[in-house]
Amino acid sequence: MNARLYYWQRMTAGLMVPLIAVHLVTMIYAIGNGLSAAEILGRTQGSLIWGLFYGGFVVAASVHAAIGVRTVIGEWFGLRGKVQNAFAVIFCVVLLGLGGRAVVAVVM
Amino acid sequence: MTKTLQVSIWRGGADGDYQSFEVPAKANQTVLDVVTWVQRHADATLAYRFACRVGMCGSCAMMVNGEPRWTCRSHVSSVIRDGELKLAPLANLPVIRDLTVDMTTFFDKWQRAEARFHPSKTRHDEVPAIKPDTPARKMADAAVECINCGVCYAACDTVRWNGDYLGPAALNRAWTLVNDERDAGAKQRLAAVSGTGGCYNCHSHQSCQVFCPKALNPTRSIAGLKRAGLAAKS
């Protein structure tokens, strides 16, 4: 890992800390008050704030995880250079796709 | 009847095997004493390294019951398990023969990390006074007593997983120089330790500081390099 990747992994981790806290607290609050899935979707759909919140979450998690997986495949499987980077980019794109699809389903 | 120790010692190269010896147990015996007894009384062909015998030269390190130790200062009583000693060459380095390893990679990485002094003055300049109480000097002093024994390198998981990784010793030395006000190589050193195989590969497992016989903390030095490297880029 070089300085640039280290920087982005730490920055995305820092971004995710408050996002995870808000996500967990909101989830526990919503479930604890007995909200149904339909009632939750009724509050999130059309909400720009929740869209930005979970959109940011997905981007941060995708970048963070891809950098980590890049390191793991380098250390465990000996992948280096272009193959290692390509695997990380593909992993990031897959996470962005899956996460983005979930965000769209919740807020659109 | 003389009490004895059961000692298994690695023999041969990378494809070698352990050979068992029975060694007389003595009070205050060090692991190096045991190895020396084997060479002098059981098998004169046993290859191992030592020089000072007092914890200064860093040449006698080896794996003792699976953990890297400086053998001249490791008492048998503190490392023995179930009455047995298992001695192997230092991990993460190529075996030459028996208990000796090829340290070339280890020292090449010191050079790759620019872990050598870059003078900022000539012999004709006045010798600068170094204040011992500045924050930078304190950080350098906290890490400077390395004896190049390779124990941290053998203990490091990241070295084992990533052959490019410079390792705790080289990076620790680089950190002392980053904090040395007489040194003029900070820029190229931070570039050298920030690239592929550099300080950002460290997972902070802290095995280096657990096993360092000089009680240094290379993990802390590497964390310092990480911060300095990022600051230099911004």
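Residues numbered from 1 in each chain as written. Chains lettered and ligands numbered in written order. Predicted model: local features only at pLDDT ≥ 70, side-chain atom pairs only at ≥ 80, totals over all residues. Heavy atoms only, no water.

Quick look at the overall build of chain B
Across its full length, chain B carries 10 helices and seven strands. Out of the 234 residues belonging to chain B, those deemed buried represent 47%. Pairs at least 24 apart in sequence give 63% of the contacts found in chain B among residues at least 6 apart. Summed over its atoms, the accessible surface of chain B is roughly 11900 Å², and 49% of this surface lies on carbon and sulfur atoms. (Helix = DSSP H or I, 4+ residues; strand = E, 2+ residues; numbered from the N terminus. Buried < 20%, exposed > 50% of the residue type's maximum accessible area, 1.4 Å probe, protein only. Contact = heavy atoms within 4.5 Å. Areas by Shrake-Rupley, 256 points an atom, 1.4 Å probe, with all protein chains shown as cover.)

A few points about the sheet that holds strand S4 (residues 67–70) of chain B
Residues and elements named next belong to chain B. The strand order across the open sheet formed by five strands is S2-S1-S5-S3-S4, and the pairing between neighbours is mixed. Each edge of the open sheet carries a strand with a single partner, namely strand S2 (17–24) and S4. Adjacent strand axes in the sheet meet at a mean angle of 35° when their direction is disregarded. (Pairing = 2+ DSSP bridges. Axes fitted to C-alpha atoms, helices over the stretch in contact; angles between N-to-C directions.)

Some points on the confidence of the model for chain B
Interpreting fine coordinate detail is not advised for predicted regions of low pLDDT. Looking at chain B as a whole, its pLDDT mean stands at 95, while 99% of the residues score no less than 70. Both confidence scores are given for the complex: pTM 0.88, ipTM 0.81. (pLDDT = per-residue confidence, 0-100.)

What to know about helix H7 (residues 168–178) of chain B
In terms of burial, H7(B) is largely enclosed, as nine of its 11 residues are buried. By the burial criterion, the buried members of H7(B) are B:Pro168, B:Ala169, B:Ala170, B:Leu171, B:Asn172, B:Ala174, B:Trp175, B:Thr176 and B:Leu177.

Side note on the side chain of B:Lys109
Here B:Lys109 lies in helix H3 (residues 104–112). No salt bridge forms around the buried B:Lys109; measuring N to O, its nearest opposite-charge neighbour B:Asp164 is 6.8 Å away. (Lys, Arg positive; Asp, Glu negative; His and termini not counted. Salt bridge = Lys/Arg side-chain N within 4 Å of Asp/Glu carboxyl O.)

A look at the interface of chain A and chain B
Facing the nine residues of chain A at the interface are 13 residues of chain B. Taken together, the two surfaces of chain A and chain B that pack against each other cover about 970 Å², and 55% of this comes from carbon and sulfur. For the chain A face of the interface with chain B, the top three residues by lost area are A:Met1, A:Tyr6 and A:Glu75, together amounting to 55%. At the surface where chain A touches chain B, the tally comes to one salt bridge. The shortest N-O distance in the salt bridge between B:Asp164 and A:Arg80 comes to 3.5 Å. For the interface between chain A and chain B, the tally reads five residue pairs in polar contact (both at pLDDT 80 or more). Going through the elements one at a time, helix H1 (3–32) and helix H3 (48–77) of chain A are the ones with two or more residues in the side of chain A that touches chain B. In the side of chain A that touches chain B, the residues fall into four nonpolar, three polar and two charged. (Buried area = accessible area lost by both parts, 1.4 Å probe. Polar contact = N/O pair within 3.5 Å; in protein donor to acceptor, adjacent residues only side chain to side chain. Nonpolar A, V, L, I, M, F, W, Y, C, P; charged D, E, K, R; others polar.)

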